[in-house]
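Tertiary structure, described
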Amino acid sequence: MYDEKDNQYVEAIKLAAGGVQYRNLSVKKTLIEAVEQLHLFYKNSLEKKYLEVAKLFIQAYLELGFSYQEGEHVFSVILDELGECREVEYSKKIYVERRIKLNKSQVRSMIKRWPASPHQTIKIEEVVEDIINKVKSKAIGIYYYECAVTKDVYELVINENEVFFHDLKRGVFFTLLQ
């Protein structure tokens, strides 16, 4: 399993990979391709450390809430070459892709707390409606929602490749289904 140092590496990978969304690139695709590249480096050098780093990238990918199945073609190769098993390394209980249907109750469930207060610049109902409208109209961009009371910040990313919602405080990602 992972030690504290590996957890720090995974957090750094998540942070770095998350930056590609600001140039309209897919975080999911970038991480899968990074694992593929690390596998190529391993095949060319036979240096096992490339596989170990690839495993950290897989961990980051899963912690961001993406589906194992989409990268399974390369993820399973990495784990096989390390002599490890998906069921042991990545329990389904922990890494369930967070897919949200585009309806009021599902969208509202992504937002932890949004108490009513005169300090709020926008009501929770308005936040939910705004998210739904932006996703439905495919309004490409990155949008932020901040709760004035809890100071929680949420990020909605809509690009040509994917649509996701990011709880910045908890580090949780949700894929929005249209």
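Look up: the structure comes first, before these words.
The following refers to the structure shown. Everything numeric in this text was worked out from a predicted model, so none of it was measured. (Residues numbered from 1 in each chain as written. Predicted model: local features only at pLDDT ≥ 70, side-chain atom pairs only at ≥ 80, totals over all residues. Heavy atoms only, no water.)

Looking at a nonpolar patch on the surface
As a reminder, the rule being used: Each patch is assembled from residues with relative accessible area greater than 30% and no salt bridge, linking like charges that lie within 9 Å and nonpolar side chains (Val, Leu, Ile, Met, Phe, Trp, Tyr) that lie within 5 Å. Using the Shrake-Rupley algorithm and a 1.4 Å probe, accessible areas are obtained, with residue cover drawn only from the displayed protein chains. Salt bridges are defined by distance alone: a side-chain nitrogen of Lys or Arg within 4 Å of a carboxyl oxygen of Asp or Glu. We count a stretch as a helix when DSSP gives it H or I for four or more residues in a row; a strand needs E for two or more, and each element gets its number in order from the N terminus. Relative accessibility thresholds used throughout: buried, under 20% of the residue-type maximum; exposed, over 50%; partly exposed, between the two (1.4 Å probe, protein chains only).
A contiguous nonpolar patch, built from Tyr22, Tyr144 and Leu168 and spanning about 310 Å² of accessible area, is present on the exposed surface. On the secondary structure map, Tyr22 appears in the loop between α1 (4-18) and α2 (27-45). Given the relative accessible area of 44%, Tyr22 is considered partly exposed.

Section: the pattern of salt bridges
Following the criterion strictly, the structure yields 9 salt bridges and no others. Of the charged contacts in the structure, one is a salt bridge between Lys28 and Glu70, with a shortest N-O distance of 3.3 Å. Within this pair, whereas Lys28 is found in helix α2, its partner Glu70 is found in helix α4 (residues 68-82), the two being separated by 42 residues in sequence. The class for Glu70 is partly exposed, based on a relative accessible area of 35%.

Examining the sheet that holds strand β2 (residues 141-146)
Stated precisely, the cut-off is as follows: Between any two strands, pairing holds if DSSP finds at least two bridges. Axis lines are fitted to C-alpha atoms, over the contacting stretch for helices. Their N-to-C directions set the angle, which ranges from 0 to 180 degrees.
Ordered by their spatial adjacency, 5 strands build an open sheet running β1-β5-β4-β3-β2, and the pairing between neighbours is mixed. At either end of the open sheet lies a strand with only one pairing partner, and these are β1 (99-101) and β2. In this sheet, neighbouring strand axes are inclined to one another by 25 degrees on average, regardless of whether the strands run parallel or antiparallel. Examined bridge by bridge, strand β3 (residues 153-158) and strand β4 (residues 163-167) share 5 bridges and lie antiparallel to one another. The residue of β4 that forms the bridge with Ile158 is Val163.

Describing the nonpolar core
The condition that has to hold: Side-chain atoms within 4.5 Å are what join buried Ala, Val, Leu, Ile, Met, Phe, Trp, Tyr and Cys residues into a set we call a nonpolar core. In what follows, a contact means two residues having at least one pair of non-hydrogen atoms within 4.5 Å.
Counting residues in each nonpolar core, the largest one holds 30 residues, and the members touching the most others are Val27, Leu31, Val35, Phe57, Tyr61, Phe75 and Ile78. Looking at this core element by element, the count peaks at 8 residues for helix α3 (residues 49-63). Residue contacts for Val35: discarding those within four places in its chain leaves Ala54, Phe57, Ile58, Val74, Phe75 and Ile78. Ile111, Val135, Leu156 and Leu176 belong to the second largest nonpolar core, which has 22 residues in total.

What about the pairing of β3?
Of all 6 residues in β3, 5 are buried; the element is thus mostly enclosed. Two elements, β2 and β3, share 6 bridges in a ladder whose sense is antiparallel. Its bridge partner lying in β3, Tyr144 is registered against Glu155. Linking β2 to β3, which pair antiparallel, is a turn of 6 residues; within it Lys151 sits at a positive phi near 65 degrees. The turn joining β3 and β4, which pair antiparallel and follow one another in sequence, is formed by 4 residues.

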